[in-house]
Structure formats: C-alpha cells, structure tokens
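Here is what each chain is made of, one letter per residue.
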Amino acid sequence: MPTDDLPDTFRVTTDEQLRAVSNLTRHRIMAVLRFEPATITQIAERVGLAKGSSSYHVRLLERAGLVKVVRTRKVRGVTERYYAMAARSIELPDPGEGGPDVLMRHAVADLEASPVDAERHVRMAHLRLTDDQFAELGERLHALADEYRQLSDPSLPDASLVFALFHPASRTQAEGDAK
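Everything quoted here is computed from the prediction, not taken from an experiment. (Residues numbered from 1 in each chain as written. Predicted model: local features only at pLDDT ≥ 70, side-chain atom pairs only at ≥ 80, totals over all residues. Heavy atoms only, no water.)

J.: Just checking my understanding: could you explain the packing of helix α3 (residues 40–47) against helix α4 (residues 51–63) for this structure?
T.: The description of two packed helices rests on the angle between their axes and on the distance between the axes. The N-to-C vectors of α3 and α4 enclose an angle of 110 degrees; their axes lie 9 Å apart at closest approach. When the axis of α3 is compared with that of α4, the two are roughly perpendicular. In contact with I40, T41, I43 and A44 of α3, α4 contributes K51, S54, S55 and V58. Partitioning the contact of α3 with α4 into residue classes produces four nonpolar, three polar and one charged. (Axes fitted to C-alpha atoms, helices over the stretch in contact; angles between N-to-C directions. Helix = DSSP H or I, 4+ residues; strand = E, 2+ residues; numbered from the N terminus. Parallel < 35°, antiparallel > 145°, perpendicular 65-115°, else oblique. Contact = heavy atoms within 4.5 Å. Nonpolar A, V, L, I, M, F, W, Y, C, P; charged D, E, K, R; others polar.)

J.: Could you clarify how one ought to interpret helix α1 (residues 15–22) in this entry?
T.: For an α-helix the count is 3.6 residues per turn, leaving residues at separations of three or four pointing the same way. Among the residues making up α1, those that are buried are Q17, A20 and V21. Around the axis of α1, the buried residues are gathered within 90 degrees of arc, so they sit on the same side. Set apart from the buried face of α1 by more than 90 degrees, the exposed residues are D15 and R19. Those residues of α1 hidden inside the fold are in contact with β1 (9–11), α2 (24–33), α4 and α5 (102–113). (Buried < 20%, exposed > 50% of the residue type's maximum accessible area, 1.4 Å probe, protein only. Arc of directions from axis to C-beta.)

J.: So what exactly am I meant to see when it comes to the nonpolar core here?
T.: Membership of the largest hydrophobic core comes to 20 residues, with the highest contact counts inside it found for L33, I43, V58, L61, L66 and V67. Looking at this core, the elements that each hand over two or more residues are α1, α2, α3, α4 and β3 (78–85). For this core, the element with the highest residue contribution is α2, accounting for four residues. If we skip the residues at most four places from it in the chain, L61 touches A20, R26, I29, M30, L66 and V67. (Core = buried A, V, L, I, M, F, W, Y, C linked by side-chain atoms within 4.5 Å.)

J.: Explain the pattern of salt bridges to me, please; I cannot follow it from the model alone.
T.: Pairing between side chains of opposite charge can happen when the charged atoms of each approach one another. As enumerated under the stated definition, the model contains seven salt bridges in all. The shortest N-O distance in the salt bridge between D8 and R88 comes to 2.4 Å. One end of the pair, D8, is in the segment before β1; the other, R88, is in the loop between β3 and β4 (89–91), and 80 residues separate them in sequence. R88 sits in the partly exposed class, given a relative accessible area of 30%. One salt bridge connects R34 with D158, and the closest N-O pair in it is separated by 3.3 Å. Here the residue R34 occupies a position in the loop between α2 and α3, and D158 occupies one in the loop between α6 (131–151) and α7 (171–178), the gap between them amounting to 124 residues. (Salt bridge = Lys/Arg side-chain N within 4 Å of Asp/Glu carboxyl O.)

J.: I keep staring at the packing of α2 against α4 and nothing clicks. Help me out?
T.: Close contact between α2 and α4 brings their axes to 10 Å; oriented N to C, the two are set at 80 degrees. In terms of orientation, α2 and α4 fall into the roughly perpendicular class. Touching T25, R26, I29 and M30 of α2 are S54, Y56, H57, V58, L60 and L61, all from α4. Grouping the constituent residues of the contact of α2 with α4 by class yields six nonpolar, three polar and one charged.

Below you can see the structure in the form of structure tokens.
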C-alpha cells in the first residue's frame, strides 16, 4: 500500500486509543507496520511474539483505529489480512503536568533493547535559548525528521529518531515535587 494514500497524522483523542499506544508491544507492532503492510504471522515473527498474542494486540490497535486492513487474500481457504498504519504519524496528547510521556518511555525501552554493538547516536545537550531560538530549533528538528522520513526505504534496516526539546522543571519546582 503506498503511503501517499495515508493521512499525515492520526491524533490520539480517546482513552481507548491512548491505552492502545501506551503498550510497548503494540508500539513495536506499529513500528513493523510503519513502512509496509504485514500479516499477523509476519508481525509475530518480526516482533518475536506468538501468533495469538500478535493477533490480540493487532485487534486492539485496529479497534482503536490506529491500524487497518489494507489488503486480503485467500491462502489455502483462509483469508489472510494485511495490516498497515492508519496514518504516517501519530500525535499523542500532552501528558499533562507530572504525567508519563508514553512516547519517550517507549523510545528509552527501544534504545535499551537495541544491539549494544550497533552504531548509536545518543546525546543530551543543555541549552540556554531565547523563546525565538527555542521555537526555531523545534521547527528545524521537525523539518529534519520529515526530510529523512521522505528518504526512508522499506528495504533498508530500521532506524529510530526520537528528540525532545523542552524546558525542564526549575530546580526548586523539582525539589518541591520530590517532597
């Protein structure tokens, strides 16, 4: 299925959708489907799940509207379904003050599970920026991610890019929250 047919963004708005994307296994299933459709069997193999578990998680994602059947075919009398993402990207709601940031938790889990001997680029930089510089950097990061997403080739190995540009809690605010 060509990705040209997909909407740009799926906005997570319901509790059911948020629960669906909050699960690390379902996050990894969506990663399998981000470039090309796959069957339950293919998903199970790529994620390392039993077919029944894979089917369960895909059904939850489908019910939440995050993935959809894009093609079917008959194989030995059984209808094989190919699933794909419902949009090119998913936009999560702001977790709110003190709420868990699901996307960053998944990113950290994926980073920790990645091969230690593989090339990785991980960096944290503390910056002091004006409001305009902060906004410009955010726009540039989004544009760079979009540029490289356009260059993505499904035949190449997966690579994940995660960035977070934010104003951390002030030291006094963080200390107050810890009490």
